[in-house]
Amino acid sequence: MADQARRVGDSRQIVAVASDGRRYAFADHNCFACGDSNPIGMRLHIELNEGSARTSWKAGDDFVGWSDKVHGGIVATMLDEVMAWACASSDAWAVTAEMSIRYRSPASPGDELLAEAHVVRKRRRIYDVEGTVHAPDGRLIAEGSGRYLGAAPSAKEQLKERYGTAPGMGAE
């Protein structure tokens, strides 16, 4: 992820207004990955930059597969979520069309995992995104790529009405 990327906000608050005037933040919701309302969810806090996103998260013992390893599906969820959020800098409201993951090293419960993603190509409503998940010691846990489909304009308006923005974010 480029260090020079301008931070515009995150999944809970607006830090700045994007160069084209867009603002980012969402009212709380029940998403397993990033929603605060889901009692069994990951509650990821996504930092959003122009063309990229990142998050960190510590997996607990409830998220293991083999006795002492974080379940690969949980690592995939973290990667998928950060890649989808990377599209948000284009006001994309994107969903996963396809995703490919290569697992490189196991993650252990208690590891503070760092996931980063960036958009590598955009064509109309299609976004190609790449991302990684690293362990605290720098080990590459997983890398992946995905193709994300941005919502049609009519669907985007419905999503904005449903999820809105968080109160006090200036977009009410």
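Please read these numbers as outputs of a predicted model, since none were measured by experiment. (Residues numbered from 1 in each chain as written. Predicted model: local features only at pLDDT ≥ 70, side-chain atom pairs only at ≥ 80, totals over all residues. Heavy atoms only, no water.)

### Notes on the overall build of the chain
Along its length, the chain carries two helices and seven strands. Counting helices and strands in the order they occur from the N terminus, the chain gives β-β-β-α-β-β-β-β-α. When the accessible surface of the chain is summed, it comes to about 9,000 Å², and 48% of that surface belongs to carbon and sulfur atoms. (Helix = DSSP H or I, 4+ residues; strand = E, 2+ residues; numbered from the N terminus. Areas by Shrake-Rupley, 256 points an atom, 1.4 Å probe, with all protein chains shown as cover.)

### Digging into the pattern of salt bridges
Here the idea is simple: oppositely charged side chains can pair when their charged atoms come close. Summed over the entire model, instances satisfying the criterion amount to seven salt bridges. Between Asp 128 and Arg 123 there is a salt bridge, with its nearest N and O atoms 2.8 Å apart. With a relative accessible area of 10%, Asp 128 lands in the buried category. Taken together, the shared-partner salt bridges in this structure form one network comprising Asp 111, Asp 137 and Arg 139. (Salt bridge = Lys/Arg side-chain N within 4 Å of Asp/Glu carboxyl O. Buried < 20%, exposed > 50% of the residue type's maximum accessible area, 1.4 Å probe, protein only.)

### Things to note about the environment of Ala 152
Mapped onto the elements, Ala 152 comes out in the loop between β7 (140-150) and α2 (153-163). On a C-alpha basis, the gap between Ala 152 and Ala 94 in space is 9.5 Å, while along the polypeptide they are 58 residues apart.

### Some details on the environment of Met 83
Mapped onto the elements, Met 83 comes out in helix α1 (residues 72-86). For the pair Met 83 and Val 119, spaced 36 residues apart in sequence, the C-alpha to C-alpha distance is 7.9 Å. Every residue in contact with Met 83, bar those within four places of it in the chain, is listed here: Met 99, Ala 117, Val 129, Glu 130, Gly 131, Gly 144, Ser 145, Gly 146 and Tyr 148. (Contact = heavy atoms within 4.5 Å.)

### Brief notes about the environment of Leu 48
Examined against the element boundaries, Leu 48 turns out to sit in strand β2 (residues 47-49). Residue class for Leu 48 comes out buried when judged on its relative accessible area of 0%. Along the primary structure Leu 48 and Cys 87 are separated by 39 residues, whereas in three dimensions their C-alpha atoms are 9.5 Å apart.

### Regarding the nonpolar core
Counting residues in each nonpolar core, the largest one holds 33 residues, and the members touching the most others are Val 129, Val 133 and Tyr 148. Those elements giving two or more residues to this core turn out to be β3 (52-58), α1, β5 (112-123), β6 (126-134) and β7. It is α1 that contributes the most residues to this core, nine residues altogether. (Core = buried A, V, L, I, M, F, W, Y, C linked by side-chain atoms within 4.5 Å.)

### Brief notes about α1
With 15 residues, α1 extends 21 Å between its outermost C-alpha atoms, agreeing within 8% with the 21 Å of an ideal straight helix rising 1.5 Å per residue. Among the 15 residues that make up α1, 11 are buried, leaving the element largely enclosed by the rest of the structure. Regarding α1, the residues found buried are Ile 74, Val 75, Ala 76, Met 78, Leu 79, Glu 81, Val 82, Met 83, Ala 84, Trp 85 and Ala 86. Tucked inside the fold, the buried residues of α1 contact β2, β3, β4 (94-103), β5, β6 and β7. (Expected span 1.5 Å × (residues − 1).)

### Side note on the side chain of Glu 116
Relative to the helices and strands, Glu 116 is located in strand β5. Reaching out from Glu 116, the side chain makes a polar contact with the side chain of Arg 54 at a distance of 3.3 Å. (Polar contact = N/O pair within 3.5 Å; in protein donor to acceptor, adjacent residues only side chain to side chain.)

### What to know about unusual backbone geometry
The phi torsion at Arg 124 lies on the positive side, around 50°, for a residue other than glycine. The exposed category is assigned to Arg 124, whose relative accessible area is 79%.

### Some words on the confidence of the model for the chain
This prediction gives the chain a mean pLDDT of 77; 68% of its residues lie at or above 70. Within the chain, the element-level pLDDT minimum falls on strand β1 (residues 7-10), averaging 54, and the maximum on β6, averaging 97. Overall, residues 165-172 carries pLDDT values under 50, and its contacts beyond four positions in sequence, including any with other chains, amount to 18 contacts. (pLDDT = per-residue confidence, 0-100.)

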